[in-house]
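Per-entry structural report
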Amino acid sequence: MSTRTRALDTLVYGVDVQSGDVRGDRPSYALVTFDGESIERDVVTHRKLRRLIESEEPDIVATDNMYELAADKDALVRFLGSLPDATRLVQVTGDERPEPLSRVAKRHGVPYGKPAIEEAEAAARLAARNVGYEVSAFTDETTVKVSRGRSTGKGGWSQDRYTRRIHGNVKRETRDVESKLDDAGLDYERDVTEKYGGFSNAVFTVEARPQDIPVSNKRAGDVRVTVERVRRDGIEFEPLAKRRDRVLVGVDPGTTTAVALVDLDGHLLDVLSTRTADTADVIEWIVERGRPVLVAADVTPMPATVDQIRRSFDAAGWHPENDLPVDEKQHRTREEGYDNDHERDAMAAALYAHDAHADQIRRITRKVPPRVDRGEVVKRVLSDDEPVEAVVDDLTPDEGGEDDDDTEHEARELSEEERTIKRLRERVARLDEHVTDLEDELDAKDARIADLEGELEDARREERKEARERREVTRLEWENDRLEDELEEERERADALAKKLERLKELWKLDHSNFADVNGAGSLTAVKPVAQFTLDAIETADEEYGLARGDVVYFRDASGAGRRTAEALAERDPRVVLLEGETSDVAEDVLYDADVPFGSAEGVEIREIDELAIARDADVAAVEDDYDERAERREQEETESMVDSIISEHRADRE
C-alpha cells in the first residue's frame, strides 16, 4: 500500500485557531485528536495545548499554518525546542509556499469545512496520511554538556580541596556519560576543558536525537548535565511522504503544465499544476515522488514535452488512438479532486493509461513471487518489453543447480527471437504449475505477518505506555524539587517579614524625647519615603509597602518629575506630598490641578527606620496650610489673568 494512503498508527493532533491570534491576547485553538480510528474534539487555550503536548507527547502536531502557533520565526524556534523529542510539527499545506487547506483536502479526499474544528480535523487526517512537511529547526545532532553544578567560590581555608572535588566529580560524570554513549554504539566527538583536579566541563557532540541517547538532563550536587539539540541556520521543511515506488505519470503540457501520479493499482497519489516551472522542475518534482514506469498524454500524437519527460526516465509511453473527449475525461476523473482543466487532463491521461495496462499489470502481479519487487518487474515489462518470466528469473536469487545456469546462459546468447519465445513459453508452463502452491504459501505468510504485526504493535503500545509513565515520574520528581525550592524561598521570606515586623514594633516604641510638644495622643504620623520623584520609584514603593489614599509621601529627591509621574502620584490621592529640593513646574501644575497638597520637607523633622518613617503631625499640617494659601493665591491669580484676558478681547472686538 502506498505510504500516502496508509493511516499511521500514531497519535496526531490537528490544530487550528478558534478565536484570537497568537500575536494578541489569549488565543483559543480547535483541537482534534486522531489515532487512526477514533476522533476527539475540544477547544483549548494556548497554554493548555502546550500542556497536553507535553503530557501526551503526540507523534504529530498538524496545522495548516505554522505561524498560528508562534508569532514569528524566533517564537517558532522556541516552540519547536519545547516539543517532546518524539513529537513533530507538520504543516499539511506545503513548505515555504503553502496551498489553501481546502485544495489539499479536496485533492486527497479528506472532509473539509470552514469552522475551525473541521479545519483542525482535516489537518489531522491529512497528516495521518503522510501529507505535508515536517517543520524543523534542529539537526539530528545533539550536544551533551557536563559542567559544574555550583560555583567554586571566592576562596577560603578549604578552597583547593573544594575546587578539586568539584572538578573530580565533573570528570567522573564525563566518563560515565562517555561509557553510556559507547554502550549505545553512538558516534560522537568529545571536547573537554581540563582544570585543577579534573574537568571544568565536557561537551559531547552526538550524531543522534535526544530520544536515542541514554542520557538526560540532570543536576545533582557538584555536576550538571544538559542535553540540547543542535540548531539549524534557519527553518527547514522535509516531506513526510518519501515515496520512491513505481508510478504512472500523466502530463498535460502548455502555458500551465499539469502532472498527475497514479500507482500501479490505479489510485491517484498526487497532482501538480504550475505556470512557472520548466521541464527540469517538473522532472525534479516527479523524482521526489516516485519512479515512473510509464508517461502518458491525453492527445495523439504525444507532445514533444511529454516525450522528453518520458525519455528522461527511460519509461514506456502511452497516448490514445484519438484525442480524449472532454466529457470522457470528466467522467473518468469524477471521483478525484482537481482545481483546473489542466489537472483534470493530466489525471485522465494517467488513469486511462492505467486502464489500458490494468489486465497486464494484474497478470504480472500474479506471477511475481513475494520477494521480488513488483514495480521493477512492471517497469521492465512495459518499458523494455521483456517477458515477465525472464524478468522474474533475473530478479530472483539463483537457488538452482548448474543445469539451470547453463540453460539460461545459452538462452541469453541466442539471437533468434523465435527460439527465445519458445524457451520462455516452456518456462511459463512450468511456473503456472506452481501458481496455486505459491498463492497458498503467500496467503499463509500474509496471515503470519499480520499476527506478528499485531504482536509487535501490542509490544510497542506497552513500551510507549511504560515510557510515558517513566517520564511522568521524572516530571513529578522535578516538580517536587521545584516546589521544595519555592517552599524554602517562602520560608526565608516569612523570616524576613517577621524581622521587619519586629522593627515596626520597635518603631512605635521609640522614645519621643526629641519632640518637646508631643502630648502622647496622636501627635505623630507615619511617613512613606520614596527615593526619587520618578514613575519607577513610585511603583517600586507601591509594590514594597503600598501607597494608599491619605498617606504622607516623602520624596528624598524631587527633581526629574514629569507629567506622567505627577499624574501617577495624584491617582493614589495622598494626604500631602513632602519634597526634598525643587521639582518641575509641570509636576506642580498637575498636583495643583488634582488638589494634592505638597510642599518643602525642610520644616518637617522626619525620623526613618528602614523603609518607614514618622514625623510630627503639626509639621505635616503646617505644610498643608501653606499649600492651601499657595493654592488660593494661584487660583486668584488665574482668575485675575482670565478676567484681564476677557477685557482685552472685548476691547479688541469693539475697536
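Residues numbered from 1 in each chain as written. Predicted model: local features only at pLDDT ≥ 70, side-chain atom pairs only at ≥ 80, totals over all residues. Heavy atoms only, no water.

Scanning the protein chain from terminus to terminus reveals 18 helices and 21 strands. For the protein chain, buried positions account for 39% of its 655 residues. In the protein chain, once contacts between residues fewer than 6 apart in sequence are set aside, the share between residues at least 24 apart is 63%. Here the protein chain displays about 38,200 Å² of accessible surface, and carbon together with sulfur accounts for 44% of that area. (Helix = DSSP H or I, 4+ residues; strand = E, 2+ residues; numbered from the N terminus. Buried < 20%, exposed > 50% of the residue type's maximum accessible area, 1.4 Å probe, protein only. Contact = heavy atoms within 4.5 Å. Areas by Shrake-Rupley, 256 points an atom, 1.4 Å probe, with all protein chains shown as cover.)

Quick look at unusual backbone geometry now. Following Thr300, the chain continues to Pro301 via a peptide bond in cis, the omega torsion being -5 degrees. In this fold, Pro301 is placed in the loop between β14 (291–296) and α7 (304–313). The backbone of Glu57 shows a phi angle near 50 degrees, a positive value even though the residue is not glycine. By the element assignment, Glu57 lies in the loop between α1 (46–56) and β4 (60–63). The phi angle at Asn130 is positive, at roughly 65 degrees, despite the residue not being glycine. Here Asn130 is to be found in the loop between α4 (116–128) and β6 (133–148). Of the residues examined, Asn130 reaches a relative accessible area of 10% and is grouped as buried.

Residues of the protein chain with pLDDT of at least 70 account for 87%, and the chain-wide mean is 83. Note on residues 1–8: pLDDT is under 50 here. Beyond four places in sequence and across chains, it has 25 contacts. Of the regions scoring below 50 in pLDDT, residues 399–415 engages in 8 contacts with residues more than four places distant in sequence or in other chains. (pLDDT = per-residue confidence, 0-100.)

Pairing is mixed across the open sheet formed by 5 strands, whose spatial order is β13-β12-β11-β14-β15. On the outer flanks of this sheet lie β13 (268–274) and β15 (316–318), each paired with one strand and no other. Each strand of the sheet is rotated relative to its neighbour by a mean of 25 degrees, with strand direction disregarded. Two strands pair when backbone bridges link them, and strand β11 (residues 246–252) and strand β12 (residues 257–263) are joined in this way by 6 bridges, in the antiparallel orientation. Looking at the pairing, Asp252 lines up with Ala258 of β12. Sheet strands in contact with helix α6 (residues 279–289) are β11, β12, β13 and β14, and its direction is about 20 degrees off that of β12. (Pairing = 2+ DSSP bridges. Axes fitted to C-alpha atoms, helices over the stretch in contact; angles between N-to-C directions.)

Let us look at the nonpolar core. Tyr13, Leu49, Leu80 and Leu89 are the most contacted members of the largest nonpolar core, which has 28 residues in total. Elements supplying a minimum of two residues to this core: β1 (12–19), β2 (28–34), α1, α2 (73–82), β6 and β10 (223–239). (Core = buried A, V, L, I, M, F, W, Y, C linked by side-chain atoms within 4.5 Å.)

Here we come to helix α17 (residues 585–593). Note on helix geometry: an α-helix contains 3.6 residues per turn, so any two residues three or four positions apart are oriented the same way. Residues of α17 that are buried include every one of Ala587, Val590, Leu591 and Tyr592, and no others. In the core, the buried residues of α17 are packed alongside α16 (563–571), β19 (598–600) and α18 (617–654). Asp595 occupies a position one or two residues after α17 and carries a positive phi of about 55 degrees.

With that out of the way, let us pick up the packing of helix α9 (residues 341–367) against helix α10 (residues 374–384). Relative orientation and spacing of two packed helices are given, respectively, by the angle between their axes and the distance between those axes. Interaxial distance between α9 and α10 falls to 10 Å at its minimum, and their mutual angle equals 130 degrees. One finds that α9 runs oblique with respect to α10. Where α9 crosses over α10, the two elements pack in a sense that is right-handed. On α10, the residues that touch His357, Gln360, Ile361, Ile364 and Thr365 of α9 are Arg374, Val377, Val378, Val381 and Leu382. Of the residues contributing to the contact of α9 with α10, the split by class is 6 nonpolar, 3 polar and 1 charged. (Parallel < 35°, antiparallel > 145°, perpendicular 65-115°, else oblique. Left-handed = near helix turned anticlockwise from the far one by under 90°. Nonpolar A, V, L, I, M, F, W, Y, C, P; charged D, E, K, R; others polar.)

What follows concerns the pairing of β10. Of the strand pairs in this sheet, β6 and β10 are connected by 12 bridges, and their pairing is antiparallel. Looking at the pairing, Thr142 lines up with Arg229 of β10. Here 3 bridges tie strand β9 (residues 218–220) to β10, and the two strands are oriented antiparallel to one another. Each residue of the ladder has a partner; that of Ala220, found in β10, is Val223. Where β9 folds back onto β10 in an antiparallel hairpin, the turn is made up of 2 residues, including Gly221, whose phi is positive at roughly 65 degrees.

Moving on: a negative patch on the surface. Among the surface-exposed residues, Glu477, Asp481, Glu484, Asp485, Glu488, Glu489, Glu492 and Asp495 lie close enough to one another that they form a single negatively charged patch. Looking at where Glu484 falls in the secondary structure, it is placed in helix α14 (residues 435–508). (Patch = residues over 30% accessible without salt bridge, like charges linked within 9 Å, V, L, I, M, F, W, Y side chains within 5 Å. Salt bridge = Lys/Arg side-chain N within 4 Å of Asp/Glu carboxyl O. Lys, Arg positive; Asp, Glu negative; His and termini not counted. Charge placed at Lys NZ, Arg CZ, Asp CG, Glu CD.)

With that out of the way, let us pick up the pattern of salt bridges. By the definition in use, this model includes 41 salt bridges. Of the charged contacts in the structure, one is a salt bridge between Asp341 and Arg344, with a shortest N-O distance of 3.4 Å. Taken together, the positions of Asp341 and Arg344, both in helix α9 and 3 residues apart, correspond to about one turn of that helix. Overall, Arg344 belongs to the buried group, its relative accessible area being 6%. Ionic contacts of the salt-bridge type, sharing partners, join the residues Asp298, Lys329, Asp341, Arg344 and Asp345 into one network.

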